[in-house]
Amino acid sequence: MTSPFEYAPAPESRAVVDIKPSYGLFINGEFVDGSGTSFKTVNPATEEVLAEVAEASDSDVDEAVKAARRAYTRVWSRMSGAERAKYLYRIARIIQERGRELAVLESIDNGKPIKESRDVDVPIVAAHFFYYAGWADKLKYAGYGDTPLGVAGQVIPWNFPLLMLAWKIAPALACGNTVVLKPAETTPLTALLFAEICQQADLPPGVVNIVTGAGDTGRAIVSHPDVDKVAFTGSTEVGKAIARAVAGTDKKVTLELGGKAANIVFDDAPLDQAVEGIVNGIFFNQGHVCCAGSRLLVQESVADEVMSRLKRRMATLRVGDPLDKNTDVGAINSAEQLAKIRELSEIGEAEGAERWSAPCELPSNGYWFAPTVFTGVSQAHRIAREEIFGPVLSVLTFRTPSEAVEKANNTPFGLSAGVWTDKGSRILSMANRLRAGVVWANTFNKFDPTSPFGGYKESGYGREGGRHGLEAYLKGADD
Ligand code: NDP
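Here the structure is a predicted model, which means the values were calculated and not measured.

## Some details on the packing of aromatic side chains
Moving on, step 1. Applying the stated criterion across every chain, the model contains 13 aromatic pairs.
Moving on, step 2. Here Arg426 stacks its cationic end above the ring of Phe266, 4.4 Å away from the centre of that ring.
Moving on, step 3. In this structure, Arg435 packs its charged tip against the face of Tyr456, placed 4.1 Å from the ring centre.

## Brief notes about the sheet that holds strand β1 (residues 22-23)
Moving on, step 1. Across the sheet, three strands lie side by side as β1-β5-β4; this open sheet has mixed pairing. Pairing within the sheet leaves two strands with one partner each, and these edge strands are β1 and β4 (38-42).
Moving on, step 2. This element, helix α6 (residues 189-200), spans β1, β4 and β5 (49-54) of the sheet and lies at about 65° to β5.

## So, the site of the ligand
Moving on, step 1. Around the ligand sit 27 residues in total, of which Trp158, Glu185, Ser235, Gln337 and Lys340 are the nearest.
Moving on, step 2. A distance of 3.4 Å is found between a nitrogen atom of the ligand and a side-chain nitrogen or oxygen belonging to Arg219.
Moving on, step 3. A distance of 2.7 Å is found between an oxygen atom of the ligand and a side-chain nitrogen or oxygen belonging to Ser235.
Moving on, step 4. Surface burial for the ligand is 86%, taken as the share of its 840 Å² of free accessible area covered by protein chains.

## Quick word on the domain arrangement of the protein
Moving on, step 1. Along its sequence, the protein is carved into domain 1 (14-257 + 459-472) and domain 2 (262-441).
Moving on, step 2. Each of domain 1 and domain 2 was reduced to a C-alpha centroid, and the two centroids are 30 Å apart.
Moving on, step 3. Contacts between domain 1 and domain 2 engage 29 residues on the former and 28 residues on the latter.
Moving on, step 4. Taking both sides of the interface into account, the surface hidden between domain 1 and domain 2 amounts to around 2300 Å²; carbon and sulfur atoms contribute 57%.
Moving on, step 5. Taken together, the connections running from domain 1 to domain 2 amount to one salt bridge.
Moving on, step 6. Between Asp328 and Lys115 there is a salt bridge whose closest N-O contact spans 2.5 Å.
Moving on, step 7. If you look at where domain 1 meets domain 2, you find 13 residue pairs in polar contact (both at pLDDT 80 or more).
Moving on, step 8. Residue assignment for the side of domain 1 that touches domain 2 shows that the elements contributing at least two residues are α3 (99-110) and α4 (114-135).
Moving on, step 9. Classifying every residue of the side of domain 1 that touches domain 2 gives 11 nonpolar, nine polar and nine charged.

## Some words on the packing of helix α9 (residues 271-283) against helix α10 (residues 300-314)
For any two helices packed against each other, the geometry comes down to the angle between their axes and how far apart the axes lie.
Moving on, step 1. The geometry of α9 relative to α10 is characterised by a closest axis approach of 10 Å and an angle of 60° between their N-to-C directions. Here α9 lies oblique to α10, going by the angle between them. The chirality of how α9 crosses α10 is right-handed. Together, Leu271, Asp272, Val275, Glu276, Ile278, Val279 and Phe283 of α9 and Val302, Glu305, Val306, Arg309, Leu310, Arg313 and Met314 of α10 make up the contact between the two elements.
Moving on, step 2. By residue class, the composition of the contact of α9 with α10 is nine nonpolar, no polar and five charged.

## Here we look at helix α5 (residues 161-174)
Two residues of an α-helix separated by three or four positions point the same way, owing to the 3.6 residues in each turn.
Moving on, step 1. With 14 residues, α5 should reach 20 Å at 1.5 Å per residue; the first-to-last C-alpha distance of 20 Å fits that figure.
Moving on, step 2. The buried count for α5 comes to 14 of 14 residues, which makes it a mostly enclosed element.
Moving on, step 3. Backbone geometry just after α5 places Gly176 at a positive phi near 100°.

## Some remarks on the UniProt feature "active site" (unreviewed entry) in the protein
Moving on, step 1. The feature "active site" (unreviewed entry), as given by UniProt, occupies Glu256 in the numbering adopted here.
Moving on, step 2. For Glu256, the position within the fold is in strand β10 (residues 252-256).
Moving on, step 3. Take Glu256: its relative accessible area is 4%, and that puts it in the buried class.
Moving on, step 4. When sequence neighbours within four positions are dropped, the list of residues in contact with Glu256 reads Phe232, Thr233, Gly234, Cys290, Leu415, Phe453, Ser459 and Glu464.

## A few points about the pairing of strand β16 (residues 416-420)
Moving on, step 1. Of all five residues that make up β16, five are buried, and the element is covered over most of its length.
Moving on, step 2. Burial along β16 is two-sided: Ser416, Gly418 and Trp420 facing one way and Ala417 and Val419 facing the other are all buried.
Moving on, step 3. Relative to β16, strand β11 (residues 262-265) runs parallel, the two sharing four bridges. Within β16, the residue paired with Val265 across the bridge is Trp420.
Moving on, step 4. Sheet topology places β16 next to strand β17 (residues 438-441); four bridges connect them, and they run parallel. Across the sheet, Gly418 pairs through a bridge with Trp440, a residue of β17.

## Some thoughts on the pattern of salt bridges
Moving on, step 1. Counted under the stated rule, the structure contains 27 salt bridges.
Moving on, step 2. Two residues, Arg219 and Asp216, come together in a salt bridge whose shortest N-O distance is 2.5 Å. Here Arg219 and its partner Asp216 are both found in helix α7 (residues 215-222), three residues apart, which amounts to about one turn of the helix.
Moving on, step 3. When the shortest N-O distance is used, the salt bridge between Glu300 and Arg399 registers 3.1 Å. Taken together, the positions of Glu300 in helix α10 and Arg399 in the loop between β15 (392-398) and α13 (401-409) put the pair 99 residues apart, joining distant regions of the chain.
Moving on, step 4. What makes Arg399 exposed here is its relative accessible area of 56%.
Moving on, step 5. What emerges from the salt-bridge pattern is a single network uniting Lys20, Arg98, Glu101 and Glu196.

## Digging into unusual backbone geometry
Moving on, step 1. Even without being glycine, Asn28 reaches a positive phi, approximately 55°.
Moving on, step 2. Here Asn28 is to be found in the loop between β2 (25-27) and β3 (30-32).
Moving on, step 3. The phi angle at Asn285 is positive, at roughly 55°, despite the residue not being glycine.

## Some remarks on α7
Moving on, step 1. Three or more residues of α7 are buried, namely Thr217, Gly218, Ala220, Ile221 and Val222.
Moving on, step 2. Against the buried residues of α7 lie α1 (58-76), β6 (151-155), β7 (178-182), β9 (229-233) and α8 (236-246).

## Some thoughts on the sheet that holds β17
By definition, the strands of a sheet pair up through backbone hydrogen bonds, in either a parallel or an antiparallel sense.
Moving on, step 1. Ordered in space as β13-β14-β15-β12-β11-β16-β17, the seven strands form an open sheet in which the pairing is mixed. Looking along the sheet, the strands with just one partner apiece sit at the ends: β13 (354-357) and β17. Averaged over all pairs of adjacent strands, the angle between their axes in this sheet comes to 20°, without regard to strand direction.
Moving on, step 2. Of the pairings in the sheet, the one linking β13 to strand β14 (residues 372-375) comprises four bridges and is antiparallel in character. Among the inter-strand pairings, Trp356 is bridged to a residue of β14, identified as Val373.
Moving on, step 3. Across the sheet, α9 is in contact with β11, β12 (295-299), β14, β15 and β16; its angle to β11 comes to roughly 170°.
Moving on, step 4. Each of β11, β12, β13, β14 and β15 is contacted by α10, which is oriented at about 130° to β12, the strand it contacts most.

Reading guide: rules and limits
- Numbering of residues begins from 1 in every chain and follows the order in which that chain's sequence is written.
- In keeping with the predicted nature of the model, local features appear solely for residues at pLDDT of at least 70, side-chain atom pairs appear and are counted solely at 80 or more, and the whole-chain, interface and lining totals rest on all residues.
- For side-chain calculations, the full set of non-hydrogen atoms in the structure is used, while hydrogens and water are omitted.
- Only Phe, Tyr and Trp rings are paired, with Trp represented by its six-membered ring, and only when their centres lie within 6.5 Å; those with planes under 30 degrees apart are stacked, over 60 edge-to-face, the remainder tilted.
- Only when the NZ of Lys or the CZ of Arg is both within 6 Å of the ring centre and within 35 degrees of the ring normal is a charge said to sit over the ring.
- Two strands qualify as a pair provided that DSSP identifies no fewer than 2 bridges between them.
- Strands are runs of DSSP state E lasting at least 2 residues, helices are runs of H or I lasting at least 4, and numbering of each runs from the N terminus.
- Residues are treated as being in contact if the distance between any of their heavy atoms lies within 4.5 Å.
- Here an axis means a line fitted to C-alpha atoms, over the contact stretch when the element is a helix, while the angle between two N-to-C directions is reported on a 0 to 180 degree scale.
- What makes a residue near a molecule or strand is one non-hydrogen atom of that residue sitting within 4 Å of it.
- The term polar contact refers here to a pair of N or O atoms within 3.5 Å; inside protein, the definition further demands a hydrogen-donor-capable atom paired with an acceptor-capable atom, and it admits residues adjacent in sequence only when both atoms are side-chain atoms.
- For every accessible area listed, the method is Shrake-Rupley and the probe measures 1.4 Å; residues are considered covered only by the protein chains on display.
- An automatic or database domain assignment supplies the start and end points of every domain.
- By buried area we mean the combined loss of accessible area, with a 1.4 Å probe, across both parts when two parts are placed together.
- Basic side-chain nitrogens of Lys or Arg form a salt bridge, by our definition, when they fall within 4 Å of a carboxyl oxygen of Asp or Glu.
- Gly counts as polar in this scheme, as do all residues outside two lists: the nonpolar Ala, Val, Leu, Ile, Met, Phe, Trp, Tyr, Cys and Pro, and the charged Asp, Glu, Lys and Arg.
- Note on terminology: angles under 35 degrees are roughly parallel, angles over 145 are roughly antiparallel, angles of 65 to 115 are roughly perpendicular, and the others are oblique.
- Handedness of a helix crossing follows the sense of rotation of the near helix relative to the far helix, less than a right angle counterclockwise being left-handed and clockwise being right-handed.
- To estimate the expected span of a helix, count its residues, drop one, and scale the result by 1.5 Å.
- Only protein chains enter the calculation, and the probe is 1.4 Å; a residue is then buried if its accessible area is under 20% of its type maximum, exposed if over 50%, and partly exposed in between.
- UniProt positions are given in the numbering used here, feature names are shortened, and annotations may be inferred rather than shown by experiment.

Okay, structure coming up:
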């Protein structure tokens, strides 16, 4: 079917990025060869191999932790907050200057549409560094003391590679800690470009160390005895393993894990805006979003109307080349993730839910999944309970606000939720009753460095962002 929304191709040039054939580890301010093996990172939209990347061994991680410890004791923890802020401001400005390069590289390595990496990820990354630079000389007014913890070991996922790096590194450095960070195996390239930015900003060697690798490298960081603080974003399963690994040690831990957010639409909601919010909630970043609005709870009286408007809108989503400026939905990040999305979707059908996908032509190479919606979903269905982490929406209905709250909270997770209604009082009453760290009202997936983010229950603990985000990186008055 030819869509009335057929646009001429508008590809962003990739000439702005210089991808090297191979990358080492960034330890003590320099790129060094790892002592272990290496792995390939691919472009998920084409399956083209982009580069060979070093896989950090236990001894490499040890070197990185030693470099971070030296930098902490000799330089970074002794520097005044105002001096540290200068480095953070410098990093923020370089991120802005090199924003296009970072956005193109992120889209190539991750598969996300360029309009998102360019207009969402990279600007928020810069904003995060600006924001925490502002705190560096004001820590004593934040209420958590002004004593840093030491060396932070940070492990991040592949869905927002550079943004998760910023969420981890900016507050850690502002508070006077040094870091060893591992990007995800499938998306190491922007973290390695960030390492170059640290060099360009003349950041003292060892303050930031980037070690690439897979789960074993992450495990080595988390269990290293000289790491004082562990910060992790990723799956609940690995989060639980990390909680077990650090139990009984003095390490301070923050975990930002999975979600299964309810996006709740009442019958008095502005329906066109709500449909945009539903689309943004689940199809933004291919649904690879821990706080995605993956469960739509729609009031029964408007369910048919919302579904027909939603399907009409989904048919206009442009799926394809992440570097095309008109693309709305890019590539699935990896073959493994695609297999998981397919498997859970097949289970949804087998359990009796009704599946509908927007008609669209998917490229023949790469990893793709058409935006999909399931109706007739019950709370017992696996697609209503498990994180699919893809462009798949499960739709349930409700009659009363209490039923909506009950269904929304009927999950082991508690990261985020959305409420769509014309009534301010209803927004406040729902926000009070929803067990979710973030509740968006008449919007969804809005991120701001000044706003704390984090979960309840199996979505993890600790907050990132805002003043609250400082607590995770300071000793605090009672520690
Ligand atoms: P993981 O939780 O496995 O990965 C997150 C990070 O942890 C990666 O850097 C990973 O390395 C690393 N890691 C893996 N095992 C360990 C370990 N034992 N100790 C320390 N670090 C470790 O997520 P996946 O990428 O495997 O995705 C699996 C599922 O998790 C997804 O399908 C999705 O449902 C969910 N997920 C949720 C996210 C969220 O933000 N809530 C983010 C990402 C995934 P490596 O890259 O090599 O695996």
